Amino acid sequence: MMRVESGVRPRLEARIGTSRTMVYLTPVLAVILTMACGSILFAALGHHPPAVLSAFFIQPISSVYGLAELTVKATPLVLCAIGLSFGFRANVWNIGAEGQLTLGAIAGGGVALWAGDDAAAWVLPAMILAGLLGGAAWAAIPAFLKTRFNANEILTSLMLTYVAILLLSYLVHGPWKDPDGYSFPQSRMFADSALLPLLSTGTRLHLGAPITLFLALGAWWVMARMFIGFQIKVVGLTPAAAGLAGFSVKRLIWVTLLTGGALSGLAGLFEVAGPIGQLQPTISPGYGFTAIIVAFLGRLHPLGILVAGLFIALSYLGGETVQIQLGLPLAVSGVFQGMLLFFLLASDVLVRYRIRWDRAALPQEAG
Amino acid sequence: MEVLAAVLITVVGAATPLLFAAVGELVVEKSGVLNLGVEGMMVLGAVGAFAVTLTTGSATIGILAGAAAGAAMALVFALLTLTLLANQVASGLALTIFGIGASALIGRSFVGMPVDRLPQLDLPGLSGLAIVGPLLFGHDALVYLSILSIPATIWFLERSRAGLVLRSIGENHQAAHALGHPVIMVRYLALLFGGAMAGLGGAYLSLAYTPMWAENMTAGRGWIALALVVFATWRPGRLLLGAYLFGGITVAQLHVQGFGFAIPAQFLSMLPYLATIAALVAISADGTRARLNAPASLGRIFHPET
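The paragraphs below set out a description of the structure included in this document. (Residues numbered from 1 in each chain as written. Chains lettered and ligands numbered in written order. Predicted model: local features only at pLDDT ≥ 70, side-chain atom pairs only at ≥ 80, totals over all residues. Heavy atoms only, no water.)

A few points about the overall build of chain A
Using the following cut-off: Helix and strand definitions follow DSSP, with helices as H or I runs of at least four residues and strands as E runs of at least two, each counted in order from the N terminus. Whether a residue is buried, partly exposed or exposed follows from its accessible area with a 1.4 Å probe, protein chains only, as a fraction of its type maximum: under 20%, in between, or over 50%, in that order. Here a residue-residue contact requires only that any non-hydrogen atoms of the pair lie within 4.5 Å. Working convention for charge: Lys and Arg count positive, Asp and Glu count negative, and His plus the chain ends are omitted. The atom standing in for a charge is NZ when the residue is Lys, CZ when it is Arg, CG when it is Asp and CD when it is Glu.
Helix and strand counts for chain A stand at 14 helices and 2 strands. Projected onto its principal axes, the C-alpha positions of chain A cover 85 × 60 × 35 Å. Put simply, chain A has 367 residues, and 54% of those count as buried. Restricting to contacts in chain A with at least 6 residues of sequence separation, those with at least 24 account for 78%. Across chain A, 21 positive and 15 negative side-chain charges occur, with their mean positions spaced 15 Å apart.

Some details on the side chain of Thr156 of chain A
In this fold, Thr156 of chain A is placed in helix H6 (residues 153-173). The class of Thr156 of chain A is buried, set by a relative accessible area of 0%. Beyond its immediate stretch of four places on either side in the chain, Thr156 of chain A contacts Pro142, Leu145 and Ala151 of chain A together with Ile277 and Leu280 of chain B.

Digging into the packing of aromatic side chains
Applicable threshold: Planes of paired rings set the category: under 30 degrees apart is stacked, over 60 is edge-to-face and the rest tilted, where pairs are Phe, Tyr or Trp rings (Trp by its six-membered ring) whose centres lie within 6.5 Å.
Summed over the entire model, instances satisfying the criterion amount to 20 aromatic pairs over all chains. Here Phe227 of chain A and Phe247 of chain A contribute two aromatic rings whose centre-to-centre distance is 5.6 Å and whose plane-to-plane angle is 85 degrees, an arrangement assigned as edge-to-face. A residue pair is termed long-range when its members are at least 10 positions apart, and Phe227 of chain A in helix H8 (residues 227-237) and Phe247 of chain A in the loop between helix H9 (239-244) and helix H10 (249-276) qualify at 20 residues. The interplanar angle of 85 degrees and the centroid separation of 6.4 Å between the aromatic rings of Phe50 of chain B and Phe110 of chain B together place this pair among those described as edge-to-face. Of this pair, Phe50 of chain B sits in helix H2 (residues 38-56) while Phe110 of chain B sits in the loop between helix H4 (88-107) and helix H5 (132-137); the two residues are 60 residues apart in sequence, bridging distant segments of the chain. Here Phe50 of chain B falls in the buried class, since its relative accessible area comes to 1%. Members of the aromatic cluster, joined through ring pairs, are Phe42, Phe56, Phe57, Phe311 and Phe336 of chain A.

So, the nonpolar core
As a reminder, the rule being used: Take the buried residues of types Ala, Val, Leu, Ile, Met, Phe, Trp, Tyr and Cys, join any two whose side-chain atoms come within 4.5 Å, and each joined set is a nonpolar core.
The biggest cluster of nonpolar side chains holds 202 residues, and the ones touching the most others in it are Met127 and Phe296 of chain A together with Trp223 of chain B. Among the elements that line this core, the one with the most residues is helix H9 (residues 183-209) of chain B, at 14 residues. When near neighbours in sequence (up to four residues on either side) are disregarded, Met127 of chain A contacts Gly108, Val111, Ala112, Phe190, Ala194, Leu269 and Ala273 of chain A. Within the second largest apolar cluster, 5 residues are counted, among which are Leu12, Val349, Leu350 and Tyr353 of chain A.

What to know about the interface of chain A and chain B
Put simply, the test is: The term buried area means the drop in 1.4 Å probe accessible area that two parts suffer when joined, counted for both and summed. A carboxyl oxygen of Asp or Glu within 4 Å of a side-chain nitrogen of Lys or Arg is what we treat as a salt bridge. Think of a polar contact as two N or O atoms within 3.5 Å of one another; within protein, one of them needs to be a possible hydrogen donor and the other a possible acceptor, and neighboring residues in sequence only count if both atoms come from side chains. Note on residue categories: nonpolar means Ala, Val, Leu, Ile, Met, Phe, Trp, Tyr, Cys or Pro, charged means Asp, Glu, Lys or Arg, and polar means any other residue, Gly included.
Taken together, the contact pairs 44 residues of chain A with 46 residues of chain B. For the pair chain A and chain B, the summed buried area comes to about 3,900 Å², and 82% of that belongs to carbon and sulfur atoms. For chain A, the biggest contributors to the area lost against chain B are Leu155, Met159 and Phe342 of chain A; these three give 17% of the whole. The interface formed by chain A and chain B contains 0 salt bridges. Linking chain A with chain B are 4 residue pairs in polar contact (both at pLDDT 80 or more), by the criterion used here. Only strand S1 (9-14), helix H5 (123-149), H6, helix H11 (287-297), helix H13 (332-347) and helix H14 (349-352) of chain A provide two or more residues apiece to the side of chain A that touches chain B. When residues in the side of chain A that touches chain B are grouped by element, the largest group, 13 residues, is from H6 of chain A. Taken together, the residues of the side of chain A that touches chain B break down into 34 nonpolar, 7 polar and 3 charged.

Things to note about the packing of helix H1 (residues 2-30) of chain B against helix H11 (residues 236-258) of chain B
Residues and elements named next belong to chain B. Operational definition: Here the axes come from fitting lines to C-alpha atoms, over the contacting stretch only for helices, and the angles between their N-to-C directions go from 0 to 180 degrees. Angle categories: roughly parallel below 35 degrees, roughly antiparallel above 145, roughly perpendicular from 65 to 115, and oblique for all the rest. Definitions for this section: a left-handed crossing has its near helix turned counterclockwise from the far helix by less than a right angle. A right-handed crossing has that turn clockwise.
Interhelical geometry of H1 versus H11 gives an angle of 140 degrees and a closest axis separation of 7 Å. With respect to each other, H1 and H11 are oriented oblique. Note on packing geometry: the crossing formed by H1 with H11 is right-handed. Facing Val7, Thr10, Val11, Val12, Ala14, Ala15, Thr16, Leu18, Leu19, Ala22, Val23 and Leu26 of H1, the residues of H11 in contact are Pro236, Leu239, Leu240, Ala243, Tyr244, Phe246, Gly247, Gly248, Thr250, Val251 and His255. Here the contact of H1 with H11 is composed, by residue class, of 17 nonpolar, 6 polar and no charged.

What about a nonpolar patch on the surface?
All names here are of chain A. Put simply, the rule reads: Think of a patch as exposed residues, more than 30% relative accessible area, with no salt bridge, where like charges cluster within 9 Å and nonpolar side chains (Val, Leu, Ile, Met, Phe, Trp, Tyr) cluster within 5 Å. Methods summary: accessible areas were calculated by the Shrake-Rupley approach with a probe of 1.4 Å, and residue burial reflects only the protein chains presented.
Where nonpolar side chains cluster on the molecular surface, the patch consists of Leu213, Leu217, Trp220, Trp221, Met226 and Leu303 and spans about 540 Å² of accessible area. The dominant element in the nonpolar patch, judged by the number of residues it contributes, is helix H7 (residues 208-225), at 4 residues. Looking at the element boundaries, Met226 is found in the loop between H7 and H8. Here Met226 falls in the partly exposed class, since its relative accessible area comes to 33%.

Overview of the side chain of Ser103 of chain B
Residue position: Ser103 of chain B is located in helix H4. Among all residues touching Ser103 of chain B, those that are not within four sequence positions of it are Val43, Leu44, Val47 and Trp213 of chain B.

Side note on the pattern of salt bridges
Working definition: two side chains of opposite charge can pair if their charged atoms are close together. All names here are of chain A. Going through the model one piece at a time under the given rule, you end up with 8 salt bridges over all chains. Here Lys73 makes a salt bridge to Glu69, at a shortest N to O gap of 4.0 Å. Pair noted here: Lys73 and Glu69 are both in helix H3 (residues 64-89), with a separation of 4 residues, about one helical turn. The network of salt bridges with common partners includes Arg11, Glu13, Arg354 and Arg356.

Considering the packing of helix H10 (residues 221-231) of chain B against helix H13 (residues 271-284) of chain B
Residues and elements named next belong to chain B. Packing of H10 against H13 brings their axes to within 9 Å, and their N-to-C directions diverge by 25 degrees. Relative to H13, the element H10 is oriented roughly parallel. For the pair H10 and H13, the sense of crossing is left-handed. Across from Ile224, Ala227, Val230 and Phe231 in H10, the residues of H13 making contact are Pro272, Tyr273, Thr276, Ala279, Leu280, Ile283 and Ser284. Residue classes in the contact of H10 with H13 are distributed as 9 nonpolar, 2 polar and no charged.

Quick look at the environment of Gln231 of chain A
All names here are of chain A. Inspection of the secondary structure assignment puts Gln231 in helix H8. Classification of Gln231 as buried rests on a relative accessible area of 6%. Separated by 48 residues in the primary sequence, Gln231 and Ser183 place their C-alpha atoms 51 Å from one another. Discounting chain neighbours no more than four positions away, the residues touching Gln231 are Phe247, Arg251 and Leu252.

Taken by themselves, the reported measurements are silent on function.
Structure follows, in structure tokens:
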């Protein structure tokens, strides 16, 4: 019996290399698809989509204050995402940035509380150092368990996030609680000398933003120009080749996890020494998890991550705006971010494959 | 004895959601797919079951809705990773982020509303027995379903032809494909099963364990279920042991808090997470054994032409 294929069927054909055009095009495609789906979602919830999209994406950044807030929110996202991207490139799946961020805040905040009202100039640099070390120390645990006991770093780094948040909760409910704080679970406010200097009056834009920009450029230089960056890329793309070249996979696990931990810890310190100004039970609305989306949206490239960080920061601001103006829950931000990552991963198929439309078993007409 | 029996009954409650989610993920991983989105499927199952039970007044329809919500999420994951060949780790994380956001959005109008706890299946004569009665015969239907899923899974994986095909696909998908087995279809079905089981775990949480809806109420149980699969070295029988062990740890910390020991509550709440890490380390340290038990194609992308 003859089998007759009806019509045309799409088929994925592997590209020889990755498509440079698609690498840059798919994030844009994902953003457009997310906005389209978001509009449908808002219409289903009974809102006028153009009004919501305007409130979500345009109104938050139509003032100088809004732009400053955008940068304030992008700072921790970019810091965490750059750290994570080092690991993701080397197939090291650290997803505990949220916990490393928390530990950075605890370590740096601890220095600020210990210094008290002492206005010495060394306090802030010491806090930054403590933040870096705190985050790195927390990431050192999954690194050690992975290299020594082969324990999956995805699960250990995630479990440590819950432990870190509980540790912070213990500290602000217990030993570090402000004695004059009317029994609210929060620490004393940091002294002025222990706060990051503001860059522009009337906004919350702080010194952390330019430091983050500088670190992003540094990360780009490390990835593009330094031997360690080359090793990270080789291990991620072809582990076998890395083995033959004599690159130590264990060393790369340590390097990528410690870097990621230190940068996330710095992000946590910037939050408590910047916009928050004290320790409290919640210091991040999930920046460490959202940074995973930022890292992928930015194509695991430091400069791409800068752009992606600003865009995702906008989704946080937009979520707050629609919550105030239209009474939509803040969870809308999470839905938007999740959809964005879905569409990005889905459209990424075009980077490595091309779609062929096969006209199998259909007679070809001679033109 | 009465106290001990009461404690043991709460262990069952804490273990059941873990068992559901872990059995589903075990079958998924046996087919060679790593779905890290268990937490997202579970939390959406929890809110779906709760919302539907409250609106329809029927817990049965609610439970089915929970399973359907989990399966729907798994379908998205399957589309991404099996049809569009996306990275499984990243897709699983996306599922979790989306699930937590979407469940909060759906559940916002249900926060603080009460729902009747799932009824116990009272067997005349049996559940009235002292100690043994409530312990063995005093649970709701989902508890028995979760336990029955273990022998059923063992039978399916080790005794049925379909289970053999599923395992062969998980060990070497290229070879299975060459033999003519439908790799993609089997993995789609395995993922749907895993999603439905995670959804049932969520439904148990919001209808029986704590009959209410709270944002992010799974609190990492989906991730602990993932760790349990590694802990059980991909064997369903050990999963039962693992889930009840972890249920025991969760309950033990609650009771220690109740007895008023001078240990801060936060440190006790860390116990299940620390125990998960300890269990992973203990199982993974023997590298050869871990490699022998893990399905060989786990997490690899299947494209028939490459």
